[in-house]
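# What the coordinates show
Letter by letter, the chains look like this.
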Amino acid sequence: MVVYAAQGDPRRSMALLWRTESPDAERPGPKPALSVDLIVETAITVADADGMAGLSMRAVGDRLGRTAMALYTYVPSKSELVDLMYDKALAELSVGYDGDGWRADAARWAEDLWDFYLRHPWVLQVSQARPVLGPNEYVVLEALVKILRRTGLRPAALRRLVSALYSCVREPARTASEARLAEKVTGQSDDEWWHARSARLKEVSPDFAERFPTLTWMEAEQAFRMEDETVSYLEQEAREAFEFSLSVLLDGIEVATKAE
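Source: prediction; values computed, not measured.

Reading guide: rules and limits
Residues numbered from 1 in each chain as written. Predicted model: local features only at pLDDT ≥ 70, side-chain atom pairs only at ≥ 80, totals over all residues. Heavy atoms only, no water. Patch = residues over 30% accessible without salt bridge, like charges linked within 9 Å, V, L, I, M, F, W, Y side chains within 5 Å. Areas by Shrake-Rupley, 256 points an atom, 1.4 Å probe, with all protein chains shown as cover. Salt bridge = Lys/Arg side-chain N within 4 Å of Asp/Glu carboxyl O. Lys, Arg positive; Asp, Glu negative; His and termini not counted. Charge placed at Lys NZ, Arg CZ, Asp CG, Glu CD. Helix = DSSP H or I, 4+ residues; strand = E, 2+ residues; numbered from the N terminus. Buried < 20%, exposed > 50% of the residue type's maximum accessible area, 1.4 Å probe, protein only. Phe/Tyr/Trp six-rings, centres within 6.5 Å; stacked < 30°, edge-to-face > 60°.

Here we take up a negative patch on the surface. A contiguous patch of negative charge on the surface is contributed by Glu183, Asp191, Glu192, Glu227, Asp228, Glu229, Glu237 and Glu240. Sorting the residues of the negative patch by element identifies helix H9 (190-204) and helix H12 (233-259) as the ones contributing at least two each. Position of aspartate 228 relative to the elements: it lies in the loop between helix H11 (213-220) and H12. On the accessibility criterion, aspartate 228 (33% relative accessible area) is partly exposed.

So, about the packing of aromatic side chains. Under the definition given, this model contains 7 aromatic pairs. With a centroid separation of 6.0 Å and 80° between ring planes, the pair formed by tryptophan 194 and tyrosine 233 is classed as edge-to-face. Taken together, the positions of tryptophan 194 in helix H9 and tyrosine 233 in helix H12 put the pair 39 residues apart, joining distant regions of the chain. Here the aromatic cluster, defined as three or more aromatic residues joined through ring pairs, consists of Trp193, Trp194 and Tyr233.

Counting across every chain of the model gives 13 salt bridges. Between arginine 103 and glutamate 254 there is a salt bridge, with its nearest N and O atoms 3.5 Å apart. Highlighted residues: arginine 103 in helix H6 (residues 102-119) and glutamate 254 in helix H12, separated in sequence by 151 residues. By relative accessible area, which is 24% here, arginine 103 ends up partly exposed. Overall, glutamate 254 belongs to the partly exposed group, its relative accessible area being 30%. Between glutamate 111 and arginine 239 there is a salt bridge, with the nearest N and O atoms lying 2.8 Å from each other. Pair noted here: glutamate 111 is in helix H6 and arginine 239 is in helix H12, with a separation of 128 residues, a long-range link. Salt bridges sharing partners connect three or more residues here, namely Asp100, Asp105, Arg108 and Arg150.

Below you can see the structure in the form of structure tokens.
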């Protein structure tokens with residue numbers, strides 16, 4: 001499922017994201033048992049366990065021992081909650097990349113983002129078509145641009161590279177996270193799925209080698225062989241795709257710096 005962020009009330013969402021106003025302010029009477037931060041942290045825990053499909057104000061309230069209605073005093077709706085969750089989770093990412101040169105730092109930034117996506121696969125369901133515009137989203141972006149600025153490339157080139165690097169990490173990470181969830185969601189292991197389908201493929205296409213000679217050549221050269229039998233094929237392939245495309249992209253950046 002795709003979730004579009006920034007769908008709530010703009011004034012309330014931005015105020016909560018940037019903490020320009022707080023519903024946790026002092027009120028007459030007993031100290032509130034809830035807070036925005038506690039609700040957001042609990043919602044992240046729910047999403048980590050059950051994905052976006054399992055996220056609701058009621059599910060968060062149940063985990064906190066409260067009704068869904070009790071949460072609305074702090075967070076107006078699920079839309080604002082998703083924005084807050086997304087930006088809060090991004091705070092985990094490192095921003096201190098000033099070590100062994102721009103290439104090494106860009107690679108570390110990408111590796112950190114890869115690990116982050118696999119820790120919180122629900123983040124990959126938040127569409128990039130409508131950015132959250134929260135402070136931590138900008139902190140992560142600032143860290144990457146600061147790294148790439150050391151290449152000496154012009155601002156317009158840096159903008160394009162930022163988009164390329166995010167895509168380089170995000171799409172393979174999405175495949176890897178989906179591969180990890182496949183057995184839980186479908187009830188069928190990778191081995192069972194591949195065995196059942198590959199057997200039928202031979203039946204429905206006995207002339208496969210003649211119809212697809214290049215793929216058959218790759219198979220004969222063991223191009224599709226993976227070393228780790230304990231990890232799903234698609235997860236390993238996604239990881240290899242990430243590493244290879246990152247290396248090629250960084251090579252391309254180096255070539256571009258020399259052409260400037």
